[in-house]
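Given next are the chains, with one letter for each unit.
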Amino acid sequence: MKCPRCDANLADDTEVCNFCGQGLDMIHYARRMSNAYYNLGLEKARVRDLSGAVLVLKRSLEFNKCNTNARNLLGLIYNEMGETVAALSEWVLSRYLEPEDNRAEYYIGVVRRNQGALDTINQTIKKYNSALSAAKSGNEDLAVIQLKKVVSLNPKFVRAHQLLALLYMKASDYPKAVKCLKWVRKIDFNNTTTLRYMQEIGEKFTEPGKGRDNAARAYRQQPKKDTLANVRPVGAYKEEKRHWMPAVNVIIGIMIGLIVSFVLIRPTLKGNLASNNSESIAENNQMLSVKEAEISALQQERDQEKENADKLQKKLDEEKNTNKEKLEKSQKLLLAVKYYTDGDLMLAATTVNGYTEADFESEEEKALFQTVSKKLTSQDVRTLFEEGRNLFNTGKYDEAERLLTQVLSIEPENQDALYFMGRVYHQRGKKKTAKEYYQKVLDVDDTTGRAAEARSRISQLGE
């Protein structure tokens, strides 16, 4: 932790600053309050009071913005409510505040690996905004259609379900509205907006299941009727005696029919059969030609579709790579904005160092880049180096490495920064990497004092 008066680095359990004598009771109080609110938010999240947990966790971060446990839990709750973009923002900030052994790294990796789900989330956000604009302009039918698509793509999007329920309420379609609100309560049981909508609906409709239950109950209470009441007995069965004359008549009729067929019908059938065979052969040949033409056309269509599919796959791969680069740029710009709002203008500028205004597409991103970017002077680089050296001297090698890396990104041949980067790796026991940085000091200029120190360090490492 840092002293609020002199900004000195102190141990977490320090009661009074060793440098300026500032009491640290308020800082410890703020941390205890932040942890208390975090525990309360965790209890609410476990019983699916997600909206209440969001309010409590935001209160926890107001007391201690570096409480990465509260920030990670807030991101998980946002993700459960369908707000994946807000969840990513919290996890990115958490990873910056605590780069090592942070669960946020795993959460970000899960979202990044599922690129298809990320694209679907982007589509749902756009469709939700479009539906909201349509609803505000009075086009409720279009808004309902778009919201149905949104909730089918992202069933956990609480705000989309609530807006759809509100539109159903306006159209007096209360059963559908209640169905949407019940689904939301499965995600966020104690959501204030959902409860207010259900209170507004009140007793304006009867649930469909109740009517059917009453009808079934009334049917079961009716007196049972005898199903055999209308059945009447029939007379006794009496078999008739068989006679041989019908069989003789049938045989005579068959013989007459055969004679007529042989004399009159058979020649006609033979001529028709020959004619039909010729016509059938011609028709078969024509059908064969047609089928061959259809097969050829289908093969050409299949080849064309395959070519189009290959082009589409190539385009999708290119867009995937482009979206990945855009996400990285947006994350760095988001971190730079955070540094800028915290008052660390120099760190904000180094975060977006290497980018230009043309690298960003939207006007909002360009405006943010112009705000946080600043052309660093040699004095700024010197100040950044001094901070990194002080962190090294206090044993905070990870933070020192981060600042020295920023210095080298601006001045790659800064001997001081190269030397202390070697010292960082030397202290960690990574002798090979440390030796490389000492050698870089000699490559820049082997006549300076830093070069002599680097040469001495190389001798200590056995070279």
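Residues numbered from 1 in each chain as written. Predicted model: local features only at pLDDT ≥ 70, side-chain atom pairs only at ≥ 80, totals over all residues. Heavy atoms only, no water.

1. What about the overall build of the protein?
Alright, step 1. Counting its regular elements, the protein contains 19 helices and zero strands.
Alright, step 2. Scored against the burial criterion, the 463 residues of the protein give a buried share of 31%.
Alright, step 3. A fraction of 48% describes how many contacts in the protein between residues 6 or more apart in sequence connect residues 24 or more apart.
Alright, step 4. Surface summary for the protein: the accessible area is close to 30,800 Å², and the carbon and sulfur share equals 53%. (Helix = DSSP H or I, 4+ residues; strand = E, 2+ residues; numbered from the N terminus. Buried < 20%, exposed > 50% of the residue type's maximum accessible area, 1.4 Å probe, protein only. Contact = heavy atoms within 4.5 Å. Areas by Shrake-Rupley, 256 points an atom, 1.4 Å probe, with all protein chains shown as cover.)

2. Quick word on a nonpolar patch on the surface
Alright, step 1. Among the surface-exposed residues, Val248, Ile252 and Ile256 lie close enough to one another that they form a single nonpolar patch of about 240 Å² accessible area.
Alright, step 2. Owing to a relative accessible area of 45%, Ile252 belongs among the partly exposed residues under this scheme. (Patch = residues over 30% accessible without salt bridge, like charges linked within 9 Å, V, L, I, M, F, W, Y side chains within 5 Å. Salt bridge = Lys/Arg side-chain N within 4 Å of Asp/Glu carboxyl O.)

3. Some thoughts on the nonpolar core
Alright, step 1. Among the nonpolar cores identified, the biggest contains 35 residues, and Leu57, Ile77 and Trp91 are the most heavily contacted of them.
Alright, step 2. Listed by contribution, the elements that provide at least two residues to this core are α1 (25-46), α2 (50-63), α3 (68-80), α4 (84-97), α5 (104-113), α9 (174-187), α12 (245-341) and α14 (363-372).
Alright, step 3. Residues Val381, Met421, Ala434 and Ala451 belong to the second largest nonpolar core, which totals 26 residues. (Core = buried A, V, L, I, M, F, W, Y, C linked by side-chain atoms within 4.5 Å.)

4. A few points about the environment of Pro412
Alright, step 1. Take Pro412: it is sitting in the loop between α16 (397-410) and α17 (415-428).
Alright, step 2. Distance in space between the C-alpha atoms of Pro412 and Lys440 is 9.9 Å, their sequence separation being 28 residues.

5. Focus: the packing of α17 against helix α19 (residues 449-460)
Alright, step 1. α19 packs onto α17 with a crossing angle of 20 degrees between their chain directions and a minimal axis gap of 10 Å. As judged from the angle between their axes, α17 and α19 are roughly parallel. Crossing geometry of α17 relative to α19 is assigned as left-handed. Residues Gln415, Asp416, Tyr419, Phe420, Arg423 and His426 of α17 lie in contact with α19, whose contacting residues are Arg450, Glu453, Ala454, Arg457 and Gln460.
Alright, step 2. Looking at side-chain class alone, the contact of α17 with α19 contains three nonpolar, three polar and five charged residues. (Axes fitted to C-alpha atoms, helices over the stretch in contact; angles between N-to-C directions. Parallel < 35°, antiparallel > 145°, perpendicular 65-115°, else oblique. Left-handed = near helix turned anticlockwise from the far one by under 90°. Nonpolar A, V, L, I, M, F, W, Y, C, P; charged D, E, K, R; others polar.)

6. Quick word on the pattern of salt bridges
Alright, step 1. Counted according to the given criterion, the structure contains 18 salt bridges.
Alright, step 2. Ionic pairing is found between Glu401 and Arg428, a salt bridge with its closest N-O pair at 2.8 Å. Here the residue Glu401 occupies a position in helix α16, and Arg428 occupies one in helix α17, the gap between them amounting to 27 residues.
Alright, step 3. Classification of Glu401 as buried rests on a relative accessible area of 19%.
Alright, step 4. Overall, Arg428 belongs to the partly exposed group, its relative accessible area being 29%.

7. Regarding unusual backbone geometry
Alright, step 1. Here the phi dihedral of Arg48 falls at roughly 65 degrees; this positive angle occurs in a residue that is not glycine.
Alright, step 2. For Arg48, the location among the structural elements is in the loop between α1 and α2.
Alright, step 3. For Arg48, a relative accessible area of 30% gives the class partly exposed.
Alright, step 4. For Ser172, which is not a glycine, the phi torsion comes out positive at approximately 60 degrees.
Alright, step 5. Along the chain, Ser172 turns up in the loop between α8 (158-170) and α9.

8. As for the side chain of Gln146
Alright, step 1. Relative to the helices and strands, Gln146 resides in helix α7 (residues 140-153).
Alright, step 2. A distance of 3.1 Å separates a polar atom in the side chain of Gln146 from the backbone nitrogen of Ala131.
Alright, step 3. Apart from the residues lying within four places of it in its own chain, the contact partners of Gln146 are Lys127, Ser130 and Ala131. (Polar contact = N/O pair within 3.5 Å; in protein donor to acceptor, adjacent residues only side chain to side chain.)

9. Some points on the confidence of the model for the protein
Alright, step 1. Considering every residue of the protein, the mean pLDDT works out to 78; 77% of them sit at 70 or more.
Alright, step 2. Of all the helices and strands in the protein, helix α11 (residues 208-221) carries the lowest mean pLDDT, 42, while α3 carries the highest, 91.
Alright, step 3. Note on residues 209-241: pLDDT is under 50 here. Beyond four places in sequence and across chains, it has zero contacts. (pLDDT = per-residue confidence, 0-100.)

10. Notes on the layout of surface pockets
Alright, step 1. Of the voids in this model, the second largest pocket is the one considered here, and its volume is about 1,100 Å³.
Alright, step 2. In terms of lining, the second largest pocket is formed by 33 residues, of which the most central are Asn122, Asn323, Lys326, Leu327 and Ser330.
Alright, step 3. Those elements that place two or more of their residues in the lining of the second largest pocket are α4, α5, α6 (115-136), α12 and α14.
Alright, step 4. Top element by residues in the lining of the second largest pocket is α12. It accounts for twelve residues.
Alright, step 5. Of the residues contributing to the lining of the second largest pocket, the split by class is eleven nonpolar, ten polar and twelve charged. (1 Å grid on protein atoms, 1.4 Å probe; cavity = no way out; pocket = protein on both sides within 12 Å on 5 of 7 lines; lining within 4 Å. Points joined across faces, edges and corners; volume = space filled by probe spheres on them.)

11. A short note on the packing of α4 against α5
Alright, step 1. Direction vectors running N to C along α4 and α5 enclose 140 degrees, while the axes themselves pass 9 Å from each other. Relative to α5, α4 is oriented oblique. Remark: the crossing between α4 and α5 carries left-handed chirality. Contacts between α4 and α5 involve Thr84, Leu88, Trp91, Val92, Ser94 and Arg95 on the former and, on the latter, Ala104, Glu105, Tyr107, Ile108, Val111 and Arg112.
Alright, step 2. A per-class count over the contact of α4 with α5 returns seven nonpolar, two polar and three charged.

12. Section: the side chain of Ser34
Alright, step 1. Structurally, Ser34 is set in helix α1.
Alright, step 2. By relative accessible area, which is 0% here, Ser34 ends up buried.
Alright, step 3. With residues up to four places along the chain from it excluded, the contact list for Ser34 reads Ser60, Phe63, Asn64 and Asn67.

13. Here's the deal with the packing of aromatic side chains
Alright, step 1. Inspection of the entire model under this criterion finds ten aromatic pairs.
Alright, step 2. Between Phe385 and Phe420 the ring centres are 5.7 Å apart and the planes differ by 65 degrees, which places this aromatic pair in the edge-to-face class. Residue Phe385 is found in helix α15 (residues 378-393), and its partner Phe420 is found in helix α17; the two are separated by 35 residues along the sequence.
Alright, step 3. Residue class for Phe385 comes out buried when judged on its relative accessible area of 1%.
Alright, step 4. Considering the side-chain rings of Tyr419 and Tyr438, the 5.9 Å spacing of their centres and the 40 degrees angle between planes classify their relative orientation as tilted. On the criterion of sequence distance, the pair formed by Tyr419 in helix α17 and Tyr438 in helix α18 (residues 431-444) is long-range, its members being 19 residues apart. In terms of burial, Tyr419 and Tyr438 fall into one category: buried.
Alright, step 5. Clustering of aromatic rings is evident, with ring pairs tying together Phe385, Phe392, Tyr397, Tyr419, Phe420 and Tyr438.
Alright, step 6. Sitting above the plane of the Phe189 ring, Arg185 keeps its charged end 4.2 Å from the centroid.
Alright, step 7. In this structure, Lys440 is placed above the aromatic ring of Tyr437, and the distance from its NZ or CZ to the ring centre is 4.8 Å. (Phe/Tyr/Trp six-rings, centres within 6.5 Å; stacked < 30°, edge-to-face > 60°. Lys NZ or Arg CZ within 6 Å of the ring centre and 35° of its normal.)

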